[in-house]
Each structure stands twice: as C-alpha cells, then as structure tokens.
Amino acid sequence: MPVALSQIRDLLLPGLWGVSGRYPMIERQWPQIFRETESQMALERRAAMRYLAFAQLKQEGAPTSFDNAAGQRWVYNAEHFEIGLGYAITRKAIDDNLYKSEFGPSNDGLLESFKETEEIYAANVLNTATTFNPAVGGDGVSLVAPNHPIDGTTIANQPSPDVDLNETSLLNALIAIRSTWRNEAGLKIHARGEKLIVPTQLEPIALRLFRSELRPGTSTNDVNAILGMNESLKQGFMVYDYLTSAFAWFIRTNHEGLIFFHRKRFETDMSVEFTTDNLLVKGYQRYVPTYYDWRCLWATFPTS
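> Explanation requested: the overall build of the protein chain in the structure shown.
A tally of regular secondary structure across the protein chain gives five helices and twelve strands. Pairs at least 24 apart in sequence give 78% of the contacts found in the protein chain among residues at least 6 apart. For the protein chain, the accessible area works out to roughly 17200 Å², and carbon and sulfur atoms hold 53% of it.

Below, the structure written as structure tokens:
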C-alpha cells in the first residue's frame, strides 16, 4: 500500500512546531577497514600464487636445485549483491502535505537506509569470519582460522583457544603475526598488526591499553609495551559499532585483503504510476565487501 493521507495526517494541518524522526547517523566506518575500488565485472576473481621457496645449499660440482612447484594455489570469488529499497506515495499525500521540506519524495531517508545496509554487510565479513564461505572459495577454510594451509604446513590467524582482550593477549597476537606468518612457499613475510578493531563493549579495555603511559593494570613502573612496539599498532584502535559479538576483537594488518567492490554506486529514480498517479521512489546499488587474503586480519572470538 502506498503512503496515504492517513499516514501523514498531521502534516496536512498548519501550526506544527516541527517534525521529528530523523537523527544524526553514525559516520561511515567500513572505509577505515576495507579498501574500496570500482568493479567492472559481475564476478570478480583473484588468484593467489605460490612463488619460489628457499634457495638451497649447493655443493661444488653438484647441480643446482630447482623449485618447480610455483603456480596458482587459491582463487577468491566476489559476486555483487543487488540492494534495493523503495516506496510509493499517493498524489493527494504529496499535494496536501504542508511540510514538504520535512517529508517529501526527495527527503525520505533512502540514503540513510542504504548507508546503514552497507555497514551491516561490510561488518558481516568480520562477524562471520570463522565461518567458511564456499562462494568466496580461497584456501578452503574460513577467513579467520587456526589452520590456513601453505605448502608443507599451516599458519594461524586465530589463537587456540580464543582469548579475551588484555595486554598479554594483544602482545601475543602482534608477536605471532610478526614471527609466524609466511607466504605460500613458506618464506617469512613483513607482517605487522596495524590497527585494533573492537566492539563498543571493549572500548574501555582498549582505552586503558592505549592511553596508559605505564603498563596497564599493574602498579609497577614498567613501560607500556603496546605503545612502543616497533612498527605495530601505529594506527591505534577503532570502535566498530556494527560488530555483533561483545567479546570478539580483530587486528587489521599491513597486508591488503579486505576489499569493498562498487559495481553500481547508490542511485535513485522516481516515476508516476499512470493509472493511480502514485509516485514511486526507489534506490538501487550493487556492491560486495569481501576478502582475498587471510593475512589481512588476525582475530579471536571468545564467548565471555
């Protein structure tokens, strides 16, 4: 049913002091986590390669060792979502509305709705990071897992068991990222944790970890090692309002891998239905937030 006179009855009468119902929206947060780029394809694909492994010791007169195992290892897929929302409003409701600047076809909250939907879908990449998505594919395990396969072994971007956020667990995560992460051939890579991402419930803990000049939670004069770690957490922390777990926390690293593809940017259209004179207003968008390399993220999902 279209929006009719009965649904905006007080907007037909003079003397209203004001019209409420719109509130300040949260500033866009997902661009602090994802790299955004335009897309020209219905399905975007990215191949992960294995390059050469360690060079081998060569004996005098002996042949040189060859590594012929290089090649494609994994393929990550990203298929765009179609997002739409609209409404219909009768001609009488438009003609007789005295407060068109407050409630009108071009001031209907469509943009706010689409922005919020973007945040939910982007955050869902993190919220479901321990669930394998076969549509994405990749290395056969979830974005966050203790057993990402590389040639000859596995590497973790999740501790086992999961751990609560505190000084020790954060430092251990940063050390693990720097000391254990490898490429597909097993060569050590330059991996650093850049930014801590927490839900609103963990903001007080993050503040103590990042704002204490001395070691947080102790009475000693030890320095706060978190603030002084070489090359780590240089972007501090952020509170992500759209995380669904009150206990999970994440570290975005210096490796790209979280990406937001725009296939069609937000657009609006309107038309008049010929037989009813109802005005039809709609918004449309196509995009997909996704990932293509697990090395972009370290995370843990404690339950309490």
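> So what exactly am I meant to see when it comes to the packing of aromatic side chains here?
Each aromatic ring pair is characterised by the separation of its centres together with the angle its planes make. Following the criterion strictly, the structure yields eleven aromatic pairs and no others. With a centroid separation of 3.9 Å and 15° between ring planes, the pair formed by Trp30 and Phe260 is classed as stacked. Taken together, the residues span a long stretch of sequence, with Trp30 in the segment before strand S1 (35–38) and Phe260 in strand S10 (residues 258–272) at a distance of 230 residues. Measuring from ring centre to ring centre gives 4.8 Å for Phe114 and Phe266, while their planes differ by 55°; the resulting arrangement is tilted. With Phe114 in helix H2 (residues 110–127) and Phe266 in strand S10, this pair connects stretches of sequence that are 152 residues apart. For Phe114, a relative accessible area of 3% gives the class buried. The structure contains a cluster of three or more aromatic residues connected by ring pairs, namely Trp30, Phe81, Tyr121, Phe260 and Tyr287. The ring centre of Tyr292 lies 4.0 Å from the NZ or CZ of Arg46, which sits over that ring.

> Sorry, what's going on with the pattern of salt bridges here?
Two side chains with opposite charge may pair up if their charged atoms get near one another. Applying the stated rule across the entire model yields eleven salt bridges. Arg295 is the partner of Glu184 in a salt bridge, and the nearest nitrogen-oxygen pair spans 3.2 Å. Residue Glu184 is located in the loop between helix H3 (167–180) and strand S7 (193–198), and its partner Arg295 is located in the loop between strand S11 (279–291) and strand S12 (297–300); the two are separated by 111 residues in the primary sequence. Here Glu184 matches Arg295 in class, with each residue buried. Put simply, Arg192 and Glu231 hold a salt bridge, and the shortest N to O gap is 3.5 Å. Within this pair, whereas Arg192 is found in the loop between H3 and S7, its partner Glu231 is found in the loop between helix H5 (225–228) and strand S8 (237–239), the two being separated by 39 residues in sequence. On the accessibility criterion, Arg192 (8% relative accessible area) is buried. Residue Glu231 is classed as partly exposed on the basis of its relative accessible area of 32%.

So, how was this worked out
- Residues numbered from 1 in each chain as written.
- Predicted model: local features only at pLDDT ≥ 70, side-chain atom pairs only at ≥ 80, totals over all residues.
- Heavy atoms only, no water.
- Helix = DSSP H or I, 4+ residues; strand = E, 2+ residues; numbered from the N terminus.
- Contact = heavy atoms within 4.5 Å.
- Areas by Shrake-Rupley, 256 points an atom, 1.4 Å probe, with all protein chains shown as cover.
- Phe/Tyr/Trp six-rings, centres within 6.5 Å; stacked < 30°, edge-to-face > 60°.
- Buried < 20%, exposed > 50% of the residue type's maximum accessible area, 1.4 Å probe, protein only.
- Lys NZ or Arg CZ within 6 Å of the ring centre and 35° of its normal.
- Salt bridge = Lys/Arg side-chain N within 4 Å of Asp/Glu carboxyl O.

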